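# Results of the structural survey
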Amino acid sequence: MSFKTKDVVLSADRPKSLLIPKHADYLASYGLNKDDFEYCMTEYLRMSGIYWSLTAMELMDQTSRMPKDDIIQFITSCQDNESGGISASNGHDPHMLYTLSAVQVLAMYDRLDAIDVDGVVRYVSSMQQEDGSFYGDKWGEVDTRFSFCAVMTLSLLHRLDAINVNKAVDFVLSCMNFDGGFGSKPGSESHAGLIYCCVGTLSICNRMDALKADELAWWLCERQLPSGGLNGRPEKLPDLCYSWWVMASLSMLNRIHWVDKDNLEQYILACQDAESGGFSDRPGDIPDPFHTLFGLAGLSLLGNSSIKRVNPTYCMPQETIDRLRLEPQILLI
Amino acid sequence: MSDCDDNDAGWIFYKDRPDWSDVKPVPEDDGPTPVVVIAHSEKFEDVYDYFRAVLQNDEKSERALELTKDAVELNAANYTVWQYRRELLKALGTDLRSELDYVESVIRLSPKNYQVWHHRRVLVEWLQDPSHELDLTEEALLQDPKNYHAWQHRQWAMKTFGLYDTEIEFVDSLLTEDVRNNSAWNQRYFVHNNYTGWSDINVQKEISYTLEKIKFVKNNESAWNYLRGVLIHDKRGLNGNGLVTSFCEELYRNRCRSPFLLAFIIDACEDAIKKNEADGCHNAIRAIELCDALATKYDKIREKYWKYLSNRFQKYKSENGDNHSV
Ligand SMILES: [Zn+2]
């Protein structure tokens, strides 16, 4: 076919096998290289940085290379006594995104006792609005991402009862578009990252039945480009993190076999940096912990046996989800 | 993103400024090592050491407001800086019009940043004045027609203040520029859903418009999706609109094999079967043929999906008996 597509071409000398030791070294020393100006400004999202790195290490069974005690102490110090929320770093304001990251990290360490759990529950439930949506912080930005943060955080704490789950689901469903996808707010364009958040919310709340599963899954499959990579919206370039969001959504929909797995695996492997370790968004770009996690998690969903099984809803090791006795819903075709 | 290595001439470090000598800078608490040790430029470190100090002392002053500007310039994505800036604006009673101009200039530099657009929204809410929002977002969208933040802000302003009148013309101009712009198609739907409504006449008008665009570029996922979206509001469904059916059949006769055309005909077949309206054009046997053609020839990468659909039509065929073989 001669249709012009925005895509990349995989070069012949790309990495074709998984370089686990390289990735572990990369994450263990991440940020120590003073020349990494690329990452000089990440204080404001440090909590998420810890979640990306730790989860990636967990999936590679290399957790011991992370400074566990320091991390737990740091998280404790980031909780705001007044609101109960957790911030990205010391001195910052609490936010739903970082509250979730902190709870995910502590859940993996089985150390949820290190924070005031009631405070977190109070904070998250205070963010729910009349229409069921959630604010991201006290300044009132609404986004389906925050709905997902809320239900994920509370379910990890076994405290979903603290919010109005039906209303939360109704709001997410009000963001469903004519193409079966979801955006950030009612009427916002469908976007693979936000589809993941919305499908994830429904998976946790056991309401996957409300989806137009075939239509949505087809839209998600359409994200696969000839290179094997997936984009996040029509006519955008492929990106490794979108590969995760699309694949995880398809896994919850029980339709991940609809994508061309071999092609996709080739794309993900090509995003590795064979020299420094780590994964990047596209082959040849600079790696970072965010894309490194989603590269490994994506390979796990594709069944790569040298990586631990990842749970598609939580983006955490399946063993953690099992230990917490959580059973996020997967559609039965 | 601003470069943290810039040493612009004339820059004076906060630690060397006499009017800041009363403040003790607060260095970054690095948290756990080594995951998070971060290389900072000297300027970045200096500004943020003083920002942390101001934050810790809860200092509400003009110089603090200026300091947040420097902090934003170094990292517009730092949400705490913006939050503190809003606290300062409130406490100092700053002229919000000039703040509107300021944030506009930051949006120009960082149009893909959550925090700047959020700050903008809060200001417009405080002022209850949306008169610049369409122009501002238009400018951002001309630069990047798929900028999600700009679209979100535009939709928010339109919905909150009822600014729908001229939107279809704007969407038209974007689609003339790039007929594959999915964001523009989505916006078109947004306007009809929230403003124009889906009267029969409007539905027909939108169908004609979309078919024209498909005639122009046939393999256009966004336009075909929009067509389905419009047909949700046509009670005759995907198979019952004569204009759409003859358009598709003509494309097919003229050897167009765009996967989106074939997929549309397949869905029309399913609609027909479900409503007991299967005929020579829309039936299970044809759908199976098309699915197989997609799986083996026209869209091999999604072979598994087409096989799944094909199986579904096999079931229809055996359940109901298909008396419309072509
Ligand atoms: Zn990415």
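Taking an unreviewed UniProt entry as the reference, chain B is identified by name as Protein farnesyltransferase/geranylgeranyltransferase type-1 subunit alpha belonging to Leptosia nina. The UniProt entry for chain B carries this comment under Sequence similarities (unreviewed entry): "Belongs to the protein prenyltransferase subunit alpha family." UniProt lists a comment for chain B under the heading Cofactor (unreviewed entry), and it reads "Mg(2+)".

Identification of chain A as Geranylgeranyl transferase type-2 subunit beta from Leptosia nina is taken from an unreviewed UniProt entry. You can read under Catalytic activity (unreviewed entry) in the UniProt record for chain A the words "geranylgeranyl diphosphate + L-cysteinyl-[protein] = S-geranylgeranyl-L-cysteinyl-[protein] + diphosphate". Quoted verbatim from the Sequence similarities (unreviewed entry) field of the UniProt record, the comment on chain A reads "Belongs to the protein prenyltransferase subunit beta family."

## Details of the overall build of chain A
Along chain A, the regular secondary structure elements total 13 helices and 2 strands. For chain A, whose C-alpha radius of gyration is 19 Å, the value lies close to the compact-globule estimate of 20 Å for 333 residues. Its C-alpha atoms put chain A at 55 × 50 × 35 Å along the principal axes. Partitioning the intrachain contacts of chain A with sequence separation of at least 6 by distance along the chain shows that 69% fall at a separation of at least 24.

## Let's talk about the coordination of the zinc ion
Residue and element names in this part refer to chain A. Bound to the zinc ion on the protein side are D239 (OD), D239 (OD), C241 (SG) and H291 (NE2), at distances that span 2.1 to 2.4 Å. For the zinc ion, the 4 donor atoms are set out with angles of 56 to 129° between them, so the coordination reads as irregular. For the zinc ion, the single-chain donor residues occur in sequence as D-x1-C-x49-H. D239 sits in the buried class, given a relative accessible area of 11%.

## Observations regarding the environment of D118 of chain A
Relative to the elements of secondary structure, D118 of chain A occurs in helix α5 (residues 117-126). A polar side-chain atom of D118 of chain A sits 3.4 Å from a polar atom in the side chain of R159 of chain A.

## A closer look at the interface of chain B and chain A
Contacts between the two partners involve 69 residues from chain B, matched on the other side by 73 residues from chain A. Interface of chain B and chain A: buried area, both sides summed, is about 6200 Å²; carbon and sulfur atoms make up 55% of it. The interface formed by chain B and chain A contains 5 salt bridges. Ionic pairing is found between E87 of chain B and K138 of chain A, a salt bridge with its closest N-O pair at 3.1 Å. Taken together, the connections running from chain B to chain A amount to 27 residue pairs in polar contact (both at pLDDT 80 or more). Elements that contribute at least two residues to the side of chain B that touches chain A include exactly α1 (42-57), α3 (79-92), α5 (114-127), α7 (148-161), α9 (182-196), α11 (221-231), α14 (259-274) and α16 (303-320) of chain B. Partitioned by chemical class, the residues of the side of chain B that touches chain A number 30 nonpolar, 19 polar and 20 charged.

## Describing unusual backbone geometry
Residue and element names in this part refer to chain A. Positive phi outside glycine occurs at D110, with the angle close to 55°. With respect to the helices and strands, the residue D110 is situated in the loop between α4 (96-109) and α5. A positive phi angle, close to 60°, is found at N254, a residue other than glycine. Following the sequence through the fold, N254 ends up in the loop between α10 (240-252) and α11 (261-270).

## Let's talk about the environment of D70 of chain B
All names here are of chain B. Mapped onto the elements of the fold, D70 is located in helix α2 (residues 62-74). Measuring from C-alpha to C-alpha, the distance between D70 and D299 comes to 52 Å, with 229 residues separating the pair along the chain. Setting aside its immediate chain neighbours within four residues, D70 contacts W11, Y14, R17 and V47.

## What to know about the confidence of the model for chain B
Across chain B, pLDDT averages 92, with 92% of residues at or above 70. Of the regions scoring below 50 in pLDDT, residues 33-38 of chain B engages in 27 contacts with residues more than four places distant in sequence or in other chains.

## Looking at α5 of chain A
All names here are of chain A. For α5, the set of buried residues is G119, V120, V121, Y123 and V124. Check the buried side of α5 and you find it contacts α4 and α6 (144-156). The residue sitting at the N-terminus of α5 and contributing the capping side-chain oxygen is D116; that oxygen lies 3.3 Å from the backbone nitrogen of D118.

## A few points about the pattern of salt bridges
Taken as a whole, this structure holds 44 salt bridges over all chains when the rule is applied. Residues E189 of chain A and R233 of chain A are paired through a salt bridge, measuring 2.9 Å at the closest nitrogen-oxygen approach. A residue pair is termed long-range when its members are at least 10 positions apart, and E189 of chain A in the loop between α7 (165-174) and α8 (192-204) and R233 of chain A in the loop between α9 (213-221) and α10 qualify at 44 residues. Overall, the relative accessible area of 5% leaves E189 of chain A in the buried class. The class of R233 of chain A is buried, set by a relative accessible area of 7%. Within this structure, D214 and R255 of chain A together with E270, K274 and R312 of chain B form a network of salt bridges that share partners.

## Digging into the packing of α14 of chain B against α16 of chain B
Residues and elements named next belong to chain B. Running from N to C, α14 and α16 point in directions that differ by 25°, and their axes come no closer than 12 Å. In terms of orientation, α14 and α16 fall into the roughly parallel class. Crossing angle aside, the handedness with which α14 passes α16 is left-handed. Each of A263, I266, C269, E270, I273 and K274 in α14 lies in contact with α16, whose residues at this interface are W306, L309, R312, F313, Y316 and N320. Residue composition of the contact of α14 with α16, by class: 8 nonpolar, 1 polar and 3 charged.

## Observations concerning the packing of α8 of chain A against α10 of chain A
Residues and elements named next belong to chain A. At a minimum axis distance of 9 Å, the contact between α8 and α10 shows a crossing angle of 30°. With respect to α10, the axis of α8 lies roughly parallel. In terms of crossing hand, the pair formed by α8 and α10 is left-handed. Here A192, G193, I195, Y196, V199, G200 and S203 of α8 lie close against α10, whose contacting residues are Y242, W244, W245, V246, A248, S249 and M252. Grouping the amino acids of the contact of α8 with α10 by side-chain chemistry returns 10 nonpolar, 4 polar and no charged.

Parameters and conventions
Residues numbered from 1 in each chain as written. Chains lettered and ligands numbered in written order. Predicted model: local features only at pLDDT ≥ 70, side-chain atom pairs only at ≥ 80, totals over all residues. Heavy atoms only, no water. UniProt positions renumbered as here; feature names shortened; annotations may be inferred. Helix = DSSP H or I, 4+ residues; strand = E, 2+ residues; numbered from the N terminus. Rg over C-alpha atoms; globule rule 2.2 N^0.38 Å. Contact = heavy atoms within 4.5 Å. Donors = N, O, S within 2.8 Å, 3.2 Å for Na, K, Ca; no water. Tetrahedral: all angles 85-135°; square planar, octahedral: opposite > 155°, others 65-115°. Buried < 20%, exposed > 50% of the residue type's maximum accessible area, 1.4 Å probe, protein only. Polar contact = N/O pair within 3.5 Å; in protein donor to acceptor, adjacent residues only side chain to side chain. Buried area = accessible area lost by both parts, 1.4 Å probe. Salt bridge = Lys/Arg side-chain N within 4 Å of Asp/Glu carboxyl O. Nonpolar A, V, L, I, M, F, W, Y, C, P; charged D, E, K, R; others polar. pLDDT = per-residue confidence, 0-100. Axes fitted to C-alpha atoms, helices over the stretch in contact; angles between N-to-C directions. Parallel < 35°, antiparallel > 145°, perpendicular 65-115°, else oblique. Left-handed = near helix turned anticlockwise from the far one by under 90°.

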